[in-house]
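# A closer look at the structure
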Amino acid sequence: MHGRVKVKSTAQQEEEKRKEREKKLKVYLTVRDAIFKKRGNGELDDEALQLTQQLLSSNPDFATLWNYRREILLHLETIKEEEETQKLYEAELLFIESCLKMNPKSYGSWHHRGWVSSRLPRPDWTRELSLCDRCLSLDDRNFHCWDYRRLVVKASGVPVDQELQFTDRLIGSNFSNYSSWHYRSTLLPLLHPESGSEPASPCRKHTNTHTSPTASPQTHSHRVCEEQLLKEYELVQNAFFTDPNDQSAWFYYRWLLGRAEREELISCVYASREGERVAVAFSKPVNALAEGLMLVLDGQQQQVEWRSAHPRFRHSPVWLCELPPGSISDINNEHNLTVHWTEKHTHRDCALYTGRLESWCRDSATDQELFRSELSVEKTSVLQSELQSCTQLLELEPQNKWCVLTIILLMRALDPLGHEKETLAHFQTLKEVDPMRSSYYSDLCSKFMIENTILKMEYAEVRVFSLSDKNLSTLCHLDQLLLVTHINLSSNQLVTLPPQFSMLHCLEVLEADDNVIENLEGLYHLPKLEEVSLKNNQISKLSDLEPLASCPKLTRLDLRGNPVTKTANIQAELSQLLPSVTDLLL
Amino acid sequence: GTQIKDVVIKPDAPNTLLLDKHADYIAAYGSKKDDYEYTLSEYLRMSGIYWGLTVMDLMGQLHRMNREEIIDFIKSCQHDCGGFSASIGHDPHLLYTLSAVQILTLYDNVKAIDVDKVVDYVRGLQQEDGSFAGDKWGEIDTRFSFCAVATLALLGRLDAVDVDKAVEFVLSCMNFDGGFGCRPGSESHAGQIYCCTGFLSVTGQLHQVNADLLGWWLCERQLPSGGLNGRPEKLPDVCYSWWVLAALKIIGRIHWIDKAKLRTFILSCQDEETGGFADRPGDMVDPFHTLFGVAGLSLLGDEQIKPVNPVFCMPEDVLQRIGLQPDLLKTVEQTQLISQYLHLESVIYSV
Ligand SMILES: [Zn+2]
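The text that follows walks through the structure, step by step, so that each part is easy to find. Fair warning: this is a prediction, and the values are worked out from it, not measured in the lab.

### Concerning the sheet that holds strand β3 (residues 293-297) of chain A
Strands pair in a sheet through their backbones, by hydrogen bonds, and they do so in one of two ways: parallel or antiparallel. Residues and elements named next belong to chain A. An order of β4-β3-β7-β8 is seen for the four strands of this open sheet, with the pairing classed as antiparallel. The open sheet has two edge strands with one neighbour each: β4 (300-302) and β8 (346-352). Strand-to-strand twist in this sheet, taken as the mean axis angle between neighbours without regard to direction, amounts to 25°. Here seven bridges tie strand β7 (residues 335-341) to β8, and the two strands are oriented antiparallel to one another. Considered in β8, the bridge of His340 is made with His347.

### Notes on the coordination of the zinc ion
Taken together, the protein ligands of the zinc ion are His2 of chain A (NE2), Asp237 of chain B (OD), Asp237 of chain B (OD), Cys239 of chain B (SG) and His289 of chain B (NE2), with distances of 2.0 to 2.4 Å. Of the two residues, His2 of chain A sits in the segment before α1 (11-40) while Asp237 of chain B sits in the loop between α10 (211-219) and α11 (238-250), which places them in two different chains. Judged by relative accessible area, which is 2%, Asp237 of chain B ranks as buried.

### Side note on a negative patch on the surface
All names here are of chain B. Side chains of Glu128, Asp129, Asp162, Asp164 and Glu168 sit close together on the surface and give a patch of like negative charge. Within the secondary structure, Glu168 sits in helix α8 (residues 163-171). Glu168 sits in the exposed class, given a relative accessible area of 51%.

### What to know about unusual backbone geometry
Of note, the phi angle at His345 of chain A is positive, near 50°, even though the residue is not glycine. Summarising the element assignment, His345 of chain A is placed in the loop between β7 and β8.

### Focus on the sheet that holds strand β9 (residues 358-362) of chain A
Here we have five strands laid out as an open sheet, ordered β5-β6-β2-β1-β9 (chain A), and antiparallel in their pairing. Of all strands in the sheet, those bounded by a partner on one side alone are β5 (307-308) and β9 of chain A.

### Some words on the interface of chain B and chain A
Taken together, the contact between chain B and chain A spans 80 residues of the former and 73 residues of the latter. Summing the contributions of chain B and of chain A, the shared interface buries around 7000 Å²; its carbon and sulfur component is 54%. Summed over the three residues of chain B that lose the most area to chain A, namely Trp137, Phe176 and Trp216 of chain B, the buried surface amounts to 14% of that side. At the boundary of chain B and chain A, one finds twelve salt bridges. Here Lys447 of chain A ties to Asp212 of chain B by a salt bridge, and the two come within 2.8 Å at their closest N and O atoms. Counting across the chain B and chain A interface gives 40 residue pairs in polar contact (both at pLDDT 80 or more). Those elements that provide at least two residues to the side of chain B that touches chain A are α2 (36-40), α10, α13 (287-299) and α15 (335-350) of chain B. When residues in the side of chain B that touches chain A are grouped by element, the largest group, five residues, is from α10 of chain B. Looking at the side of chain B that touches chain A residue by residue, the class counts come to 24 nonpolar, 26 polar and 30 charged.

Parameters at a glance
Residues numbered from 1 in each chain as written. Chains lettered and ligands numbered in written order. Predicted model: local features only at pLDDT ≥ 70, side-chain atom pairs only at ≥ 80, totals over all residues. Heavy atoms only, no water. Pairing = 2+ DSSP bridges. Helix = DSSP H or I, 4+ residues; strand = E, 2+ residues; numbered from the N terminus. Axes fitted to C-alpha atoms, helices over the stretch in contact; angles between N-to-C directions. Donors = N, O, S within 2.8 Å, 3.2 Å for Na, K, Ca; no water. Buried < 20%, exposed > 50% of the residue type's maximum accessible area, 1.4 Å probe, protein only. Patch = residues over 30% accessible without salt bridge, like charges linked within 9 Å, V, L, I, M, F, W, Y side chains within 5 Å. Areas by Shrake-Rupley, 256 points an atom, 1.4 Å probe, with all protein chains shown as cover. Salt bridge = Lys/Arg side-chain N within 4 Å of Asp/Glu carboxyl O. Lys, Arg positive; Asp, Glu negative; His and termini not counted. Charge placed at Lys NZ, Arg CZ, Asp CG, Glu CD. Contact = heavy atoms within 4.5 Å. Buried area = accessible area lost by both parts, 1.4 Å probe. Polar contact = N/O pair within 3.5 Å; in protein donor to acceptor, adjacent residues only side chain to side chain. Nonpolar A, V, L, I, M, F, W, Y, C, P; charged D, E, K, R; others polar.

See the structure below:
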């Protein structure tokens, strides 16, 4: 179905082709029916092997025929001596090899080869590995062959460092080989784990350990030790200086620059006497209902009902609950709260002192260096020299988007606030040289601007988040804004206040004038929200405003310049929908 | 430097959607039963029927297909173990079990088969580590994880398997680029990424995806011609365009590609004479690429086609009928931008 070019042909040619196909069809059907008949009769013999071979040679995707062959082989195994069985399976391997030559991308052939290898009395893994070498030399991106290679490596205990050298060789002969870079990303963490992870001897064999040799480099925070990381930087740099437009090396480089998974912890506990509410923020989305979350007040475990910030989220970084009436409402009493996350054996305390209406205890983004690279501080000189190299390359290749994007990432790893202005200019370049992905760049730039603003806010120790006129196209990191009371998002390009917005549990004043907002889904159960200004947006239907009805303290609402203000009877409709609003501007 | 692998769209390539021709092409396809090529593809017939019926339904032409004949055929393909084969005489497999259940769901007639046995079959293929074998011969692939949970979700029986373990296995196939491969350690591939994000959507675990990183890899699949490839340094293809696009939709980042350019590419893969879509402009058409061409245009917002669900690749109205709404990551709903692009498009095509 792939890559068959349509050719124009004359009526006569058509007729000849038709006749030929008819003939082929007849042969095919005769053989197929003979096979089905034999199988139906339970015949497991050499003739059946012959017949299935005939069809599989040209049609290796006919999976049932491979199944039949396996049934036959399993049967013959039981009636033959080991030597004969060995020969039988070796012949099978030869046949599969001929199929792979015709069609190197058939799932059925590769799976059958793995199956045969596992049945062979005396497998020859060296031969299998050299078959992979040959196959990859014809097509170094054939993922079936790569997967078979991993199977062989695992079964025969090829040392990890030998496989790493294999990728050295492939990358050395052609940098543009995504499959090899990918393979490196799975091998390096095994060979050179980050200090603190379990040690592994460099030549550890897979056969005698039961650890998975292919643990995911994404999920298991399998990171690479710093020494090796520096060597990898050098290798990648060679690659992208040689061929700056080859994306493989750049993707790999971005992974190297990435940070490890955040630890799973409770990042904030917030308590408010008013409404006797508790909000808990986690370092990643969790399902608190399934995680054994426990709330202890003054030494007493409380029966509370946890709910995520928005009913849309089964997994959320922010969870809320109400304490039984009278628990913490009296301002003259001091209270100690502890939230236990039993599944992760972690907890966080929060003290609510007399005379205080609210209290919190948290790790801030600045404490955690949330938005920085994972490289340790003393190695910033390394990142600095990486940045210099990329800057050099950019002088040679001013239009190279990969280089520009990498420079942005390095600048963020080094000093996100110090480089803010240059970063913005680089984003402008990216949108110009790669307009097809301009929305991606806008969203990424928005994310970085939000991160910078969070850092600035926390350095200033305020609860005001102001990010107006910054071309924001999307909102993110809203779980970091749990304690924010005032937010200004005016003059951006926001289309929606997404459900995540409901994590701004302390929000009192929202300004979001001059955007293109048409959806307020996230203004949901914000208990302290009093003022909302949404001038000059795209809110067009009364129903778009319904989420606001769940915010009990809302008194001021500015909707001037929205299509919805043209709705008939709008004033009356709104006073019915939002009875708490006394100051309505239309 | 590296030459970008891509195709050139000729100025005379089709640039309008030829819906009538495509419907005629699919309606006629099943009537060539004596054809050599048709017979050769018998080993995937059940999926072939699903592709044909789904694209007909998306075009509002399902009534032109022979419902009774197809349902009888499906029934005759269910085996004692509960699984379905691609055709009579072939062995059962998860791939064709999903296709059979999808077809019966399109026809609102799941009751025609023994559902409990299907559930048993799927459950029986789950392995210790949570993965699924495609059949009793033990090939493991994240495609089969998707087939398993999609089949069960359509039957409302997701609780029949160990979902937590299944999720754990799929997550162990996540790579350095945020994508997914066939098995732990396998390279990322758009088809597998579609299966794995679809799987995580059905099981309610999309928050485990690194959506920004994966979305970047996916949007970098778009080539200057507008078409999408399935891996770096490969040619664009209509079917990969669907897999990438559907995955982007599932993780809430479909606006990261240039929709107008992709539409141009997909339209150029139509065959004006025979109807149908090919993998690339100028190649032979087939029902597989015809479905993914039409479904892709639907995700891009073409209003002549029914809205398609990105996870199940079935019409949304069909899934609504059975009350199935798989999760999608919610970010910016760029209706604003879509309307801008549709406007732009009408300018381009009126020239
Ligand atoms: Zn294709």
